[in-house]
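One letter stands for each residue in the lines below.
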Amino acid sequence: MSETRLTRRGFLKMSGVGMMAVTLPDRLGLEPSPLAAPSTYDLFVGGYTSAGGEGITLCRLSMQTGLLSKVAVTRNVSEPSFLAMDRQGRYLYAVNEVGSYQGTSSGAVSAFAVNPTTRALTLINQQASRGGSPCFVSVDANDKYVMVANYGGGNVSVFPVQGNGGLGASTDFKQFQGSGPHPNQNAPHAHQIMTDATNQYALAADLGTDRLMVYRFDGTQGKLTAASPASFSTPAGAGPRHFAFHPSGKFVFVINELNSTLLSLAFDATRGTLTQVQGVSTLPAGSTGTSYCAEVRVSPDGKFVYGSNRGHNSIVVFAVDSLGKLTLVQHVSTQGKWPRDFILDPTGTYLLVANQQSNTIVSFKRDATTGKLTALGTLAVTAPTSLLVAPPPV
């Protein structure tokens, strides 16, 4: 990968584009969301510029129709493959998934100020991510630290958020060690790091060594300290990629990229321990062909868990009970290829899927009672890899 060449002027370019949406089928008979919600939500889309992506795309979701329209693009952003935002929507953080940055074997993480009215992005600063090919970024539960997972480097790093939303020098760094039995596990590959809602613990998924790391997190100093035990091991060759916390904080759902499975884990938020409740396949019984899991999300009401299958090109839907047990509800086509990411709007009314290889984002209506999904319409966006719903302006 080539070195990032980003300029402040380049980041300031916002290009308006025409509204793009498809007609909603009348037969669906959609009702407005029963929950109080804004009439629209803003959606930021990251992607691979090396694959033709324009940069960071701003879209708008209609809560009446569930359809997306394209609003603007922040150009000249190198490989913004994953995005995160503080809880108030003031700042956006993007990894720059490259292998070389300013002459070092590292990617970068960029901080932007978000205009509260137009949602235009203004570059604040960048920091080296301290490892090659960063693929995930998150903000801690108190909006004071940004955490990055470096896939190529096999490590994670922590950065303090400064008063203007920019990033300070890294406060901590953890290098993973080891490998796994799958050909894609020749080295550690950090794929996610995120704190729990209490901000007392941070979990990190290492696809390369089949482990979910558990750290105590010092939210005043930005430090990670290994918990006891220091990790949870998935089955050999599973390749844990992403995880999601249940709204109750009692469970963690881990999606495994390499063996297409989903694990339900009980989480003790006091001791920081993980205990397996269940493991299930994300593919239909008898499914053949190559497929790799990507993303996992939990509905806001905590009743359903969703996962994406790249190759099978589907979203799997599970109901989850009070004990963390999963029951299969549905497999639904993503209407495109390689569902790299998907996200639910804050009300849980709609689910949006980024089909990386077919250059589309597809909207689905979600049945709040059954959890089932019904496709609505498609928006063309080149090489989408990350979806981020912004909170309504304050």
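Quick note: structure is the one above.
Residues numbered from 1 in each chain as written. Predicted model: local features only at pLDDT ≥ 70, side-chain atom pairs only at ≥ 80, totals over all residues. Heavy atoms only, no water.

Student: Could you give an account of the overall build of the protein chain, naming the residues involved and the relevant values?
Tutor: Scanning the protein chain for helices and strands turns up 1 helix and 29 strands. A globule of 394 residues ought to have a C-alpha radius of gyration of about 21 Å, and the protein chain, at 19 Å, matches this closely. Along the three orthogonal principal directions, the C-alpha set of the protein chain runs to about 55 × 50 × 40 Å. Buried positions account for 57% of the 394 residues belonging to the protein chain. Once local pairs closer than 6 in sequence are excluded, the contacts in the protein chain between residues at least 24 apart make up 52%. For the protein chain, the accessible surface area stands at approximately 15,000 Å², while carbon and sulfur atoms represent 50% of it. Placing the 29 positive and 23 negative side-chain charges of the protein chain at their respective mean positions leaves the two points 3 Å apart. (Helix = DSSP H or I, 4+ residues; strand = E, 2+ residues; numbered from the N terminus. Rg over C-alpha atoms; globule rule 2.2 N^0.38 Å. Buried < 20%, exposed > 50% of the residue type's maximum accessible area, 1.4 Å probe, protein only. Contact = heavy atoms within 4.5 Å. Areas by Shrake-Rupley, 256 points an atom, 1.4 Å probe, with all protein chains shown as cover. Lys, Arg positive; Asp, Glu negative; His and termini not counted. Charge placed at Lys NZ, Arg CZ, Asp CG, Glu CD.)

Student: So what's going on with the layout of surface pockets? Residues and values would help.
Tutor: When its volume is computed, the largest pocket comes out at roughly 1,400 Å³. Around the largest pocket, the lining is made up of 43 residues, and of these R87, M194, R297, I343 and L388 lie nearest the centre. Elements with a contribution of two residues or more to the lining of the largest pocket: β5 (83-85), β9 (134-139), β13 (190-195), β17 (240-245), β21 (292-298), β25 (339-344) and β29 (384-389). Here the lining of the largest pocket is composed, by residue class, of 27 nonpolar, 10 polar and 6 charged. (1 Å grid on protein atoms, 1.4 Å probe; cavity = no way out; pocket = protein on both sides within 12 Å on 5 of 7 lines; lining within 4 Å. Points joined across faces, edges and corners; volume = space filled by probe spheres on them. Nonpolar A, V, L, I, M, F, W, Y, C, P; charged D, E, K, R; others polar.)

Student: Before we move on, can you summarise the pairing of strand β16 (residues 223-233) with the specific residues and values?
Tutor: Sheet analysis places strand β15 (residues 211-218) next to β16, joined by 7 bridges and oriented antiparallel. Residue R216 lies in a different strand from β16, and its bridge partner there is T225. The loop that links β15 with its antiparallel partner β16 comprises 4 residues; one of these, G222, has a positive phi angle of about 70 degrees. (Pairing = 2+ DSSP bridges.)

Student: Outline the nonpolar core, supporting the account with residue identities and numerical values.
Tutor: The biggest cluster of nonpolar side chains holds 29 residues, and the ones touching the most others in it are Y93, V137, V156 and L224. Mapped by element, the contributors of at least two residues to this core are β6 (91-96), β7 (108-114), β9, β10 (145-150), β11 (155-160), β13, β14 (201-206) and β15. Looking at this core element by element, the count peaks at 5 residues for β10. With near-sequence residues (within four places) excluded, V137 lies in contact with F82, L83, A84, Y93, V95, V109, V146, M147 and V148. L43, L379, V381 and L387 belong to the second largest nonpolar core, which has 18 residues in total. (Core = buried A, V, L, I, M, F, W, Y, C linked by side-chain atoms within 4.5 Å.)

Student: Just give me the short version of the pattern of salt bridges, but keep the residues and values in it.
Tutor: Close approach of charged atoms allows side chains with opposite charge to pair. A complete count under the given rule lists 12 salt bridges for this structure. When the shortest N-O distance is used, the salt bridge between D301 and R366 registers 3.6 Å. Remark: R366 occurs in strand β27 (residues 360-366) and D301 occurs in the loop between β21 and β22 (304-310); sequence separation between them is 65 residues. Residues participating in the shared-partner salt-bridge network are D42, R60 and R119. (Salt bridge = Lys/Arg side-chain N within 4 Å of Asp/Glu carboxyl O.)

Student: Describe the sheet that holds β9, with residues and values.
Tutor: Taken together, the 4 strands give an open sheet; going across it, the order is β9-β10-β11-β12, and neighbouring strands pair in antiparallel fashion. The open sheet terminates on both sides in strands that have one partner only, identified here as β9 and β12 (172-175). Pairwise comparison of adjacent strand axes, ignoring direction, gives a mean angle of 15 degrees for this sheet. Taken together, the 5 bridges between β9 and β10 define a ladder with antiparallel strand orientation. Residue pairing for β10: P134 is matched across the bridge by N150. (Axes fitted to C-alpha atoms, helices over the stretch in contact; angles between N-to-C directions.)

Student: Let's hear about the sheet that holds strand β26 (residues 350-355): which residues, and what values?
Tutor: Here 4 strands make up an open sheet; going across it, the order is β25-β26-β27-β28 and the pairing antiparallel. Each end of this open sheet is capped by a strand with a single partner; those strands are β25 and β28 (373-380). This sheet shows a mean twist of 20 degrees between the axes of neighbouring strands, independent of strand direction. Sheet topology note: the β25/β26 ladder contains 5 bridges and is antiparallel. Across the sheet, residue I343 finds its bridge partner in β26, namely L352.

Student: Hey, could you go over unusual backbone geometry for me, with residue numbers and the actual values?
Tutor: The omega torsion across S228 and P229 is 0 degrees, close enough to zero to call that bond cis. With respect to the helices, strands and loops of the structure, P229 is situated in strand β16. The backbone of R119 shows a phi angle near 70 degrees, a positive value even though the residue is not glycine.

Student: Mind laying out the environment of A390, listing which residues take part and the relevant values?
Tutor: By the secondary structure assignment, A390 is in the segment after β29. Separated by 349 residues in sequence, A390 and Y41 place their C-alpha atoms 6.8 Å apart. Look past the residues within four positions of A390 in its chain and what remains in contact with it is Y41, D42, F44, M85 and R119.

Student: Can you lay out the pairing of β9 for me, pointing to particular residues and giving the numbers?
Tutor: Across the 6 residues of β9, 6 count as buried, placing the element largely inside the fold. Joining the antiparallel neighbours β9 and β10 is a turn of 5 residues, in which D143 adopts a positive phi near 60 degrees.

Student: Please set out the packing of aromatic side chains residue by residue, giving values where relevant.
Tutor: Enumeration over the complete set of coordinates arrives at 6 aromatic pairs. With a centroid separation of 4.4 Å and 35 degrees between ring planes, the pair formed by F82 and F136 is classed as tilted. Residue F82 is found in the loop between β4 (68-75) and β5, and its partner F136 is found in strand β9; the two are separated by 54 residues along the sequence. Across the pair, F136 and F82 agree in class, each one buried. Their ring planes at 90 degrees and their centres at 6.2 Å tell us that Y201 and F267 sit as a pair that is edge-to-face. In this pair, Y201 is assigned in strand β14 and F267 in strand β19 (residues 261-268), connecting sequence segments 66 residues apart. We note that Y201, like F267, is buried. Taken together, the ring pairs connect Y201, F243, F245 and F267 into an aromatic cluster. (Phe/Tyr/Trp six-rings, centres within 6.5 Å; stacked < 30°, edge-to-face > 60°.)

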